[in-house]
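This is what each chain is made of:
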Amino acid sequence: MMKHPRLLYLSLAVVALPSLLMGCSPSLDDQVYEIFKCGKAATLLGRPADADAALKKGATVFAQIKGPNQSLYMMQMGERFQDDFPLYKYQLSGQLEILRDLYKSKACQALYK
């Protein structure tokens, strides 16, 4: 049994608080990734107009990307997409289901309008 449970709770709060505070607003990378994955889902589902709409709505976010190698940055977004949505592990029907769920998400639908 712990002798100092308050100390444990305080330690947990100190460790968790920065993570909670950072979670209040998405980072630039997270904003770019949200636009990227919605555009990718629309493209893979054969809806190029929706992909274009997402990219146009995200233009101000993309303009904030700094650095000499934006191609590398976008490749990293592609790798993150593959990590989050390992489509290669599924048959076509499973791939389509994953992409449709992503496409129909509130975040993506807001970008397509």
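Residues numbered from 1 in each chain as written. Predicted model: local features only at pLDDT ≥ 70, side-chain atom pairs only at ≥ 80, totals over all residues. Heavy atoms only, no water.

### Digging into the overall build of the protein chain
Okay, so step 1: Scanning the protein chain for helices and strands turns up seven helices and zero strands.
Okay, so step 2: When the helices and strands of the protein chain are listed from N to C terminus, the series reads α-α-α-α-α-α-α.
Okay, so step 3: Considering only residue pairs separated by 6 or more positions, the protein chain has 69% of its internal contacts joining residues 24 or more positions apart.
Okay, so step 4: For the protein chain, the exposed surface amounts to about 8300 Å²; the carbon and sulfur share of it is 61%. (Helix = DSSP H or I, 4+ residues; strand = E, 2+ residues; numbered from the N terminus. Contact = heavy atoms within 4.5 Å. Areas by Shrake-Rupley, 256 points an atom, 1.4 Å probe, with all protein chains shown as cover.)

### Details of the environment of Lys56
Okay, so step 1: By the element assignment, Lys56 lies in helix H3 (residues 48-57).
Okay, so step 2: For the pair Lys56 and Leu111, spaced 55 residues apart in sequence, the C-alpha separation works out to 8.7 Å.

### Observations regarding the confidence of the model for the protein chain
Okay, so step 1: On average, residues of the protein chain score 82 in pLDDT, and 79% of them are at 70 or above.
Okay, so step 2: By mean pLDDT, helix H1 (residues 5-22) is the weakest element of the protein chain at 40, and helix H6 (residues 92-103) is the strongest at 97.
Okay, so step 3: Confidence drops under a pLDDT of 50 for residues 4-22, and excluding neighbours within four residues, the segment shows one contact in the predicted structure. (pLDDT = per-residue confidence, 0-100.)

### With respect to the packing of helix H2 (residues 28-44) against helix H5 (residues 70-84)
Okay, so step 1: At a closest axis distance of 10 Å, the pairing of H2 and H5 adopts a crossing angle of 70 degrees. In this view, H2 runs roughly perpendicular relative to H5, as classed from their interaxial angle. Helix-helix and strand crossings are classified by hand; for H2 and H5 the assignment is right-handed. Here Leu28, Asp29, Asp30, Val32, Tyr33, Phe36, Lys37 and Lys40 of H2 lie close against H5, whose contacting residues are Tyr73, Met74, Met77, Gly78, Arg80, Phe81 and Asp84.
Okay, so step 2: Classifying every residue of the contact of H2 with H5 gives eight nonpolar, one polar and six charged. (Axes fitted to C-alpha atoms, helices over the stretch in contact; angles between N-to-C directions. Parallel < 35°, antiparallel > 145°, perpendicular 65-115°, else oblique. Left-handed = near helix turned anticlockwise from the far one by under 90°. Nonpolar A, V, L, I, M, F, W, Y, C, P; charged D, E, K, R; others polar.)

### Here's the deal with the state of the cysteines
Okay, so step 1: Under the criterion given, the structure shown has one disulfide.
Okay, so step 2: Sulfur-sulfur distance for the disulfide between Cys38 and Cys108 comes to 1.9 Å. One disulfide, between Cys38 and Cys108, carries an S-S torsion of -80 degrees and so falls in the left-handed class. Taken together, the positions of Cys38 in helix H2 and Cys108 in helix H7 (residues 106-112) put the pair 70 residues apart, joining distant regions of the chain.
Okay, so step 3: For Cys38, a relative accessible area of 0% corresponds to the buried category. (Disulfide = S-S within 2.5 Å. Buried < 20%, exposed > 50% of the residue type's maximum accessible area, 1.4 Å probe, protein only.)

### Looking at H6
Okay, so step 1: Its 12 residues place the ends of H6 16 Å apart at the C-alpha level, agreeing with the 16 Å of an ideal helix rising 1.5 Å per residue.
Okay, so step 2: The complete set of buried residues in H6 reads Gly94, Leu99, Leu102 and Tyr103. (Expected span 1.5 Å × (residues − 1).)

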